[in-house]
Amino acid sequence: IIVIGSGVKEDSNQFFLLCLARAEKYKQLNPDQQVVIMGSPEVRGTDDDKVFNDFNVPVVKFINDTFTAEVFFAELKPFTKIASLDFYGHSSPWALKLGKSDAALTPSAYAKKLKALKPNFLPSAYITLNGCNSGFSIAPDMSKFLELPVSGSLTGTLFERIESDNKW
């Protein structure tokens, strides 16, 4: 499962592109496994459905609502053999920013829901949180509640892309 966090400001489609790159790598390494991307790319000046269409990403399910923690947990529940969960987006030391407004996932506030999801993960599963400062309390709390290895950052995270002048 790959989760796109909010990237509505200067980041625009960068988190979406990172998710696509991760999905392609997973497909190369494990072609027989399913890769699911969930979230709202919130690309500046473009509707989410256009972003998915422009990159030929099929939308299996569309929810016309803000991608909140409640929506995240509801959508994750049907998956019963999760090998990994990767988050790309903004975060603070306390919460992952899933959507534009009122859409933060603070693990300590959702301890019960996280613990209930533990059986949905394979024994060898892991979680990566690719967002600034996610290693202070988010990663340790998620690891504690899910009993899985979770990586996070203790500082900022930096994602680069090649620009039109062929420089990073």
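For the structure itself, consult the block above.
Keep in mind that what you see is a predicted model, and the values were worked out from it rather than measured.

Visitor: Just to check I follow, could you spell out helix α1 (residues 14–29) for this structure?
Guide: One full turn of an α-helix is made of 3.6 residues, so residues set three or four places apart face in the same direction. Between its first and last C-alpha atoms α1 spans 23 Å; for 16 residues at 1.5 Å apiece the expected length is 22 Å, and the two agree. Among the residues of α1, those classed as buried are Gln-14, Phe-15, Phe-16, Leu-18, Cys-19, Leu-20, Ala-23 and Tyr-26. In the core, the buried residues of α1 are packed alongside β1 (2–4), β2 (37–39), α2 (48–54), β3 (82–88) and β6 (121–130).

Visitor: Any chance you could explain the packing of aromatic side chains here in plain terms?
Guide: For any two aromatic rings, the description comes down to two numbers: the centre-to-centre distance and the angle of the planes. Throughout the structure, instances matching the rule amount to five aromatic pairs. Seen in terms of ring centroids, Phe-16 and Phe-55 are 5.4 Å apart; in terms of plane orientation they differ by 55 degrees. Their pairing is tilted. Note that Phe-16 is positioned in helix α1 and Phe-55 in the loop between α2 and α3 (69–76), a separation of 39 residues in sequence. With a centroid separation of 5.3 Å and 65 degrees between ring planes, the pair formed by Phe-72 and Phe-73 is classed as edge-to-face. Side by side, Phe-72 and Phe-73 carry an identical accessibility label, which is buried. One aromatic cluster is present, formed by Phe-67, Phe-72, Phe-73 and Tyr-110 through successive ring pairs. One Lys or Arg, Arg-22, reaches over the ring of Tyr-26 and ends 5.4 Å from the middle of that ring.

Visitor: What should I look at first to understand unusual backbone geometry in this one?
Guide: Negative phi values dominate among residues other than glycine, just as trans dominates among peptide bonds. The phi dihedral of Asn-56 falls on the positive side, at around 55 degrees, and the residue is not glycine. Relative to the helices and strands, Asn-56 resides in the loop between α2 and α3.

Visitor: How do you make sense of the sheet that holds β3 when you look at a structure like this?
Guide: Strand pairing in a sheet relies on backbone hydrogen bonds, with the paired strands running either antiparallel or parallel. Taking strand neighbours across the sheet as the criterion, the five strands line up as β2-β1-β3-β6-β7 in an open arrangement whose pairing is parallel. Where the open sheet ends on each side, the last strands, each with one partner, are β2 and β7 (150–151). Pairing analysis gives two bridges linking β6 to β7, with the strands arranged parallel. What sits directly across from Thr-128, in β7, is Ser-151. Sitting on the sheet, helix α5 (residues 138–146) touches β6 and β7, and the angle it makes with β6 is about 165 degrees.

Visitor: For this particular structure, what's the right way to read the side chain of Asn-120?
Guide: With respect to the helices and strands, the residue Asn-120 is situated in the loop between α4 (111–117) and β6. Asn-120 has contacts with Leu-76, Lys-77, Phe-79, Thr-80, Lys-81 and Ile-82, leaving out every residue within four places of it along the chain.

Visitor: I keep staring at the side chain of Ser-134 and nothing clicks. Help me out?
Guide: Tracing the chain through its elements places Ser-134 in the loop between β6 and α5. Residue class for Ser-134 comes out buried when judged on its relative accessible area of 0%. For Ser-134, the side chain forms a polar contact with the main-chain oxygen of Gly-131, separated by 3.0 Å. Those residues within four positions of Ser-134 in sequence are excluded, and the remaining contacts are Ser-91, Ser-92, Leu-129, Ala-139, Gly-152 and Ser-153.

Visitor: What exactly am I supposed to notice about the pattern of salt bridges here?
Guide: Two side chains carrying opposite charge are able to pair once their charged atoms lie near each other. This model, assessed by the stated rule, comprises five salt bridges. Linking Glu-75 and Lys-61 is a salt bridge whose minimum nitrogen-to-oxygen distance equals 3.0 Å. Here Lys-61 lies in the loop between α2 and α3 and Glu-75 lies in helix α3, a separation of 14 residues in the sequence. Taking the relative accessible area as the measure of exposure, Glu-75 reaches 17% and is therefore buried. Judged by relative accessible area, Lys-61 falls into the exposed class, the value being 54%. Two residues, Glu-70 and Lys-113, come together in a salt bridge whose shortest N-O distance is 3.0 Å. Residue Glu-70 is found in helix α3, and its partner Lys-113 is found in helix α4; the two are separated by 43 residues along the sequence.

The rules behind the values
- Residues numbered from 1 in each chain as written.
- Predicted model: local features only at pLDDT ≥ 70, side-chain atom pairs only at ≥ 80, totals over all residues.
- Heavy atoms only, no water.
- Helix = DSSP H or I, 4+ residues; strand = E, 2+ residues; numbered from the N terminus.
- Expected span 1.5 Å × (residues − 1).
- Buried < 20%, exposed > 50% of the residue type's maximum accessible area, 1.4 Å probe, protein only.
- Contact = heavy atoms within 4.5 Å.
- Phe/Tyr/Trp six-rings, centres within 6.5 Å; stacked < 30°, edge-to-face > 60°.
- Lys NZ or Arg CZ within 6 Å of the ring centre and 35° of its normal.
- Pairing = 2+ DSSP bridges.
- Axes fitted to C-alpha atoms, helices over the stretch in contact; angles between N-to-C directions.
- Polar contact = N/O pair within 3.5 Å; in protein donor to acceptor, adjacent residues only side chain to side chain.
- Salt bridge = Lys/Arg side-chain N within 4 Å of Asp/Glu carboxyl O.

Geometry only, nothing functional implied.
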